[in-house]
Amino acid sequence: VTGDETLIRARIDPSTDTLYLQRVETPSAESSYDSWSSFASAEATPSLGLHAAGARILIAYYDADDVLVCESTDDGATFASAVTVATAGGVTAVACGIRADGEAAVLWATGGVVYRSTRPALGSWESPAAWTHSLDTVNGLTVSDTEDWAVLVSGEDSDGAPGCWSTRLGSGVGGPPGHWSPLRPVTVASSGLDVTYRATGAASAGAPCVALVESYAGTGSFDHTMLATGLAGSAFEDGEWREPAPFAHESPWGVALTSD
C-alpha cells in the first residue's frame with residue numbers, strides 16, 4: 001500500500017513463469033480485483049518481494065539466474081526498467097524492502113545461505129554479501145521496515161528441523177549497517193514429521209507480528225496460515241514470540257502483512 005493508499009499486488013503464474021501486476025487506486029469492498037497486467041518473466045519457485053513506502057514501490061524477482069528489481073516512484077503508475085542486483089544460480093527465495101527516501105534492501109537465498117544487497121538513499125546497489133547465520137535450506141523470506149530491516153526466514157536447520165526464524169539486518173538505526181542479529185525461533189518442529197513452514201509476512205503494529213504457513217504432507221494433509229506476535233513494546237530482533245495461532249485462511253502461499 002503506497003502513501004496515497006494505492007494498492008499494489010503482484011503474483012507469478014507458475015505455468016508460464018510470468019509476473020503479473022495489479023494496481024487499484026482506491027481499494028474498497030466494491031473495487032474490482034480481477035484485472036492483472038503482464039509485467040515480466042519470473043521464476044515462480046523463489047516467489048517475489050514487494051514493498052512500498054511513500055510513493056515508491058520495489059519489486060524483486062528471479063529470472064534466468066538473475067536477481068532483478070523494478071522500482072516505481074509515482075505510486076505504481078510507471079516502473080523503471082529492471083536492474084540486475086546479482087547473478088546467482090539456484091535461488092530459492094527472494095524478498096525486498098524500500099523506504100520513502102529511496103534506501104532499500106534486497107535479500108535472496110541459495111541453499112541455506114541468505115545474501116543481501118543494500119542501497120543508500122539515492123545511491124547505487126552495493127555488492128552482495130552473505131549473512132552470518134547457518135541454515136541447511138531456505139524456502140521463504142520476507143522483509144519489513146521496522147527501524148532496521150526486519151527479516152523472517154523459513155526452511156530447515158542443520159539438524160533437518162523445519163522452522164521459521166526472525167532476525168534483523170542493521171541499517172544504522174537500531175543496529176550497525178549490514179549487521180545481522182541472532183536468529184530467533186518463531187516456531188520449530190522436529191524433523192521427520194512431514195511438516196514444513198513458509199515465511200510470508202512481517203510488520204509492526206504496537207508489537208512485532210509475522211505471518212507464516214504450516215504445511216503437513218501426511219494423512220489429512222493441510223496448509224494452515226499462522227500469525228504470531230511479539231510481546232508489546234519488544235523489538236523484532238528480541239525474538240520474544242508468542243505461540244503462532246491459526247488464521248482463517250488455508251493456502252500454501254499464506255498472506256502478506258502491512259501496517260500503519
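Before reading further, recall that the structure is shown in the block above.
Residues numbered from 1 in each chain as written. Predicted model: local features only at pLDDT ≥ 70, side-chain atom pairs only at ≥ 80, totals over all residues. Heavy atoms only, no water.

Now for the overall build of the protein chain. Within the protein chain, the regular secondary structure consists of zero helices and 19 strands. Against the compact-globule benchmark of 18 Å for 260 residues, the protein chain has a radius of gyration of 17 Å, which places it among compact chains. In terms of principal-axis extent, the alpha carbons of the protein chain reach across some 45 × 40 × 40 Å. A buried classification covers 47% of the 260 residues belonging to the protein chain. Sequence-distant contacts in the protein chain: of pairs separated by 6 or more residues, those separated by 24 or more amount to 43%. Of the roughly 11800 Å² of accessible surface on the protein chain, 48% is carried by carbon and sulfur atoms. Each charge sign in the protein chain was given a centre, from 11 positive and 33 negative side chains, and these centres are 5 Å apart. (Helix = DSSP H or I, 4+ residues; strand = E, 2+ residues; numbered from the N terminus. Rg over C-alpha atoms; globule rule 2.2 N^0.38 Å. Buried < 20%, exposed > 50% of the residue type's maximum accessible area, 1.4 Å probe, protein only. Contact = heavy atoms within 4.5 Å. Areas by Shrake-Rupley, 256 points an atom, 1.4 Å probe, with all protein chains shown as cover. Lys, Arg positive; Asp, Glu negative; His and termini not counted. Charge placed at Lys NZ, Arg CZ, Asp CG, Glu CD.)

Here we come to the pairing of strand 5 (residues 56-63). In terms of burial, strand 5 is a largely internal element, seven of the eight residues being buried. Here five bridges tie strand 4 (residues 49-53) to strand 5, and the two strands are oriented antiparallel to one another. Its bridge partner being in strand 5, Gly49 is matched across the sheet by Ala60. Hairpin connection, strand 4 to strand 5: the antiparallel pair is bridged by two residues, and Gly54 has positive phi, about 60°. Two elements, strand 5 and strand 6 (residues 66-72), share seven bridges in a ladder whose sense is antiparallel. Pairing of Ile57 across the sheet is with Ser72, part of strand 6. The turn linking strand 5 back onto strand 6 is made up of two residues, and Ala64 within it adopts a positive phi angle of 50°. (Pairing = 2+ DSSP bridges.)

Further remarks concern the pattern of salt bridges. Taken as a whole and assessed by the stated rule, the structure comprises seven salt bridges. Notably, a salt bridge pairs Arg99 with Glu103, separated by 3.1 Å at the nearest N-O pair. For Arg99, a relative accessible area of 10% corresponds to the buried category. Its salt-bridge partner being Glu237, residue Arg168 comes within 3.9 Å of it at the nearest N-O pair. Highlighted residues: Arg168 in strand 14 (residues 162-169) and Glu237 in the loop between strand 18 (222-229) and strand 19 (245-250), separated in sequence by 69 residues. Salt bridges here are not isolated pairs; linked through shared partners, they connect Arg56, Glu71 and Arg119. (Salt bridge = Lys/Arg side-chain N within 4 Å of Asp/Glu carboxyl O.)

Pairing in this open sheet of four strands is antiparallel, and the strands run 4-5-6-7 from one edge to the other. Of all strands in the sheet, those bounded by a partner on one side alone are strand 4 and strand 7 (83-87). Shown here is a sheet whose adjacent strand axes are inclined to one another by a mean of 20°, direction ignored. Where strand 6 lies against strand 7, four bridges are found, and the strand directions are antiparallel. Counterpart to Val67 in the pairing with strand 7 is Ala86. (Axes fitted to C-alpha atoms, helices over the stretch in contact; angles between N-to-C directions.)

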